[in-house]
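Take a look at the letters that make up each chain.
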Amino acid sequence: MDGVIVDSEHQWMLAEGPFLRGLVDRWERSDHHKAVGMSVADLYDWLSRHYGLKVEREDFLARCELLACDIYRHRVHLARGLRPFIRAVHARGLALGLASSSPRSWVNLVLCRFGLTEEFEAVVTGDDAPGRTKPAPDIYQLAARRLDARPQDCLAVEDSAIGLRAARAAGMACVGLRSGLNDEQDLTQADWQVQGFAGLRRLALG
């Protein structure tokens, strides 16, 4: 979801500077790309290990929840070309799954706001694999099972290095999606790289 369906990674980057600099002394904007694709729980553990975050877990998660509600309800925009791509996929009789490390409450905010709830045959979130979110393969493996598909028959679309690691570990072919907002991400693990959903449509659907 984040960075693929909506521009939330960009919105998080804009918001997290003031947020995280109030919690850890050494956070810089250039550090953002290291955290892209992590679940909020994994982000807490990572900040604690590498930046000496001292806030209690429950307090950190509650602050993130408030920020997330603002970002997903008011700030994010739907990716250009997503709706035509979804229509084209369904016209081919193919199934769509959503595999996100974000909590289900955040995913539901996006799906409901943009009327996408019925577009995905399977939705897997970080709540479905606590402690085993990206770059672990569990979320992608679970999505494949819910689609009644073998991982090797699935095509994962990712905007981050962490997400690509997860999809590849699950045994899926991978597309690295360039949006103009993720130039700092190393997508060389992808089998293909495309520019936006127009590029993805040409690659995957001809």
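Each remark here, short or long, concerns the structure printed above.
To start, this report covers the structure provided alongside it. (Residues numbered from 1 in each chain as written. Predicted model: local features only at pLDDT ≥ 70, side-chain atom pairs only at ≥ 80, totals over all residues. Heavy atoms only, no water.)

## Points about the overall build of the chain
Right, on to step 1. Looking only at helices and strands, the chain features nine helices and five strands.
Right, on to step 2. Helices and strands appear in the chain in the N-to-C order α-α-α-α-α-β-α-β-α-β-α-β-β-α.
Right, on to step 3. For the chain, the C-alpha atoms occupy an extent of roughly 50 × 30 × 30 Å along the three principal directions.
Right, on to step 4. Looking at the chain as a whole, 51% of its 206 residues are labelled buried.
Right, on to step 5. Put simply, of all contacts in the chain between residues at least 6 apart along the chain, 58% involve residues at least 24 apart.
Right, on to step 6. Accessible surface computed for the chain: about 10,100 Å², of which carbon and sulfur atoms make up 49%.
Right, on to step 7. If you average the places of the 26 positive and of the 28 negative side-chain charges in the chain, the two averages end up 4 Å apart. (Helix = DSSP H or I, 4+ residues; strand = E, 2+ residues; numbered from the N terminus. Buried < 20%, exposed > 50% of the residue type's maximum accessible area, 1.4 Å probe, protein only. Contact = heavy atoms within 4.5 Å. Areas by Shrake-Rupley, 256 points an atom, 1.4 Å probe, with all protein chains shown as cover. Lys, Arg positive; Asp, Glu negative; His and termini not counted. Charge placed at Lys NZ, Arg CZ, Asp CG, Glu CD.)

## Describing the environment of Arg146
Right, on to step 1. Within the secondary structure, Arg146 sits in helix H7 (residues 138–146).
Right, on to step 2. Its relative accessible area of 42% is what places Arg146 among the partly exposed residues.
Right, on to step 3. For Arg146 and Tyr51, which are 95 residues apart along the polypeptide, the C-alpha to C-alpha distance reads 37 Å.
Right, on to step 4. Leave out the neighbours within four places in its chain, and Arg146 touches Arg104, Ala122, Val123, Val124 and Asp128.

## Description of the side chain of Arg178
Right, on to step 1. Assignment of secondary structure puts Arg178 in strand E4 (residues 173–178).
Right, on to step 2. Buried charge Arg178 goes without a salt bridge, the closest partner of opposite sign being Asp183 at 4.8 Å.
Right, on to step 3. Among the polar contacts listed, one links the side chain of Arg178 to the backbone oxygen of Gln185, at a separation of 2.9 Å.
Right, on to step 4. Other than its neighbours up to four places away in sequence, Arg178 contacts Asp183, Gln185, Leu187, Gln193, Val194, Gln195 and Gly196. (Salt bridge = Lys/Arg side-chain N within 4 Å of Asp/Glu carboxyl O. Polar contact = N/O pair within 3.5 Å; in protein donor to acceptor, adjacent residues only side chain to side chain.)

## Notes on the pattern of salt bridges
Side chains bearing opposite charge may pair, as long as their charged atoms lie close to each other.
Right, on to step 1. Under the criterion given, the structure shown has nine salt bridges.
Right, on to step 2. Residues Arg104 and Asp128 are paired through a salt bridge, measuring 3.0 Å at the closest nitrogen-oxygen approach. Placement of the pair is Arg104 in helix H6 (residues 104–113) and Asp128 in the loop between strand E2 (122–124) and H7, with a sequence separation of 24 residues.
Right, on to step 3. The class of Asp128 is partly exposed, set by a relative accessible area of 29%.
Right, on to step 4. Through salt bridges with shared partners, one network takes in Arg104, Asp128 and Arg146.

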